[in-house]
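# Residue-level structure breakdown
Read off the chains here:
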Amino acid sequence: MNWTPDGDALRNRIALVAGATRGAGRGIAAALGEAGATVICTGRSSVSGNAGSDYDRPETIEETAELVTSLGGVGIPIQVDHLDIAQVRALADRIRDDHGAIDILVNDIWGAEILKGHPPTWNRPIWEHDLDDGLRILRLGVDTHLITAHALLPLLVSHPDGLHVEVTDGTKEYNDETYRISTFYDLSKVAVNRIGYCIGHELEPFGATAVVVTPGWLRSEMMLDNWGVTEDNWHAALDPGRSDGHPTAPPGFAESETPRYVGRGVAAIAADENRSRWNQRSVTSAELAREYGFTDTDGRQPDGWV
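Residues numbered from 1 in each chain as written. Predicted model: local features only at pLDDT ≥ 70, side-chain atom pairs only at ≥ 80, totals over all residues. Heavy atoms only, no water.

### Brief notes about helix 10 (residues 285-292)
Every buried residue of helix 10 is listed here: Ser285, Ala286, Leu288 and Ala289. The buried residues of helix 10 occupy an angular sector of 160° when the element is viewed end-on, so they sit on one face. Buried positions along helix 10 lie against strand 6 (209-214), helix 9 (259-271) and strand 7 (282-284). (Buried < 20%, exposed > 50% of the residue type's maximum accessible area, 1.4 Å probe, protein only. Helix = DSSP H or I, 4+ residues; strand = E, 2+ residues; numbered from the N terminus. Arc of directions from axis to C-beta. Contact = heavy atoms within 4.5 Å.)

Quick look at the structure:
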């Protein structure tokens, strides 16, 4: 399909993407930048140090902010640990001083990918898991979202038409019927769907909207590394005759998507004057692509949930 983003769709809108360092967070920040938004990019990994990040990864919030700007928006990096209540409150104070309010708040904080474990460790009963690791998953995947919403939503409801986005893995409908990897992982992802539902109930009287979005099989930086490929040659992961020592990806990887895809879904909702129809709903990037007509960066509309 021949689709291009509208570079002025979100011009002069102030967005904050919490957890913008990599993965879906970076993709969402980039897509908001494509639409002309000013995007505050927060996370722990910075050129000044990783501030206790659970990953030893090279990506930084400064890189994300630069990407936003290169795509036509304005990227602003701010290093924040979203488990630290004082830091998140200080972030809210800074935004209030610098911008007055925010129009779009995206809660994409995670940080527990390593704790989740690799596929051979999945589907073990709760008593075979390390309890500290399991509780850390909940701290990273649930507490961070609650702390961020508590501190920053007052900046969203100070004027009507705000949008709050929760990012998780799996829609409510899918997760209601499907066991997700482990008790701890499952609970963290189901909880985010419920957080979005509850916040939508609380935002409605203020003329604001809350929606939960989930990508499909995401070709994040970590996922590409896991399969030993890059975004330029990701199809090579499907080659059954690989001789580079890396395993062959399952056939479902053919329907994987870039982080920009779910980001374009968020940008489309934000630009929709009738966005309130999404309030309290849980939707996939593919559903949003079909609704709004956007594509991934390669012109496709993949759906990893079919």
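There is more to say after this.
### Some details on helix 9
The first and last C-alpha atoms of helix 9 sit 19 Å apart over 13 residues, in line with the 18 Å expected at 1.5 Å per residue. With 12 of its 13 residues buried, helix 9 lies for the most part within the structure. Among the residues of helix 9, Pro259, Arg260, Tyr261, Val262, Gly263, Arg264, Gly265, Val266, Ala267, Ala268, Ile269 and Ala270 are the ones counted as buried. Structurally, helix 9 contributes buried residues whose contacts are with helix 1 (23-34), strand 4 (104-107), strand 5 (163-167), strand 6 and helix 10. (Expected span 1.5 Å × (residues − 1).)

### Considering the domain arrangement of the protein
Assigned domains within the protein: domain 1 (14-218 + 259-292) and domain 2 (221-256). Summarising the inter-unit geometry, the C-alpha centres of domain 1 and domain 2 are found 26 Å apart. In this assembly, 10 residues from domain 1 lie in contact with nine residues from domain 2. Both faces considered, domain 1 and domain 2 share a buried interface measuring about 850 Å² in area, 64% of it formed by carbon and sulfur atoms. Ranking the residues of domain 1 by area buried against domain 2 places Arg57, Trp217 and Leu218 at the top, with a combined share of 66%. Counting the contacts that link domain 1 with domain 2 gives one salt bridge. Between aspartate 225 and arginine 57 there is a salt bridge; the shortest N-O distance is 2.7 Å. In terms of residue class, the side of domain 1 that touches domain 2 is made up of four nonpolar, one polar and five charged. (Domains from an automatic or database assignment. Buried area = accessible area lost by both parts, 1.4 Å probe. Salt bridge = Lys/Arg side-chain N within 4 Å of Asp/Glu carboxyl O. Nonpolar A, V, L, I, M, F, W, Y, C, P; charged D, E, K, R; others polar.)

### Digging into the pairing of strand 4
The side-chain alternation of strand 4 yields two buried faces, one formed by Ile104 and Val106 and the other by Leu105 and Asn107. Bridge count for strand 4 against strand 5 is four bridges, and the pairing is parallel. Note on strand 5: the bridge partner recorded for isoleucine 104 is leucine 163. (Pairing = 2+ DSSP bridges.)

### Brief notes about the environment of alanine 210
Relative to the elements of secondary structure, alanine 210 occurs in strand 6. Distance in space between the C-alpha atoms of alanine 210 and alanine 289 is 18 Å, their sequence separation being 79 residues. With near-sequence residues (within four places) excluded, alanine 210 lies in contact with His164, Gly196, Ile199, Gly200, Leu203, Trp278, Asn279, Gln280 and Arg281.

### What to know about the environment of glycine 228
With respect to the helices, strands and loops of the structure, glycine 228 is situated in the loop between helix 8 (221-227) and helix 9. The class of glycine 228 is partly exposed, set by a relative accessible area of 30%. Once the C-alpha coordinates of glycine 228 and aspartate 93 are considered, the two residues, 135 residues apart in sequence, prove to be 42 Å apart. When sequence neighbours within four positions are dropped, the list of residues in contact with glycine 228 reads Arg242, Asp244 and His246.

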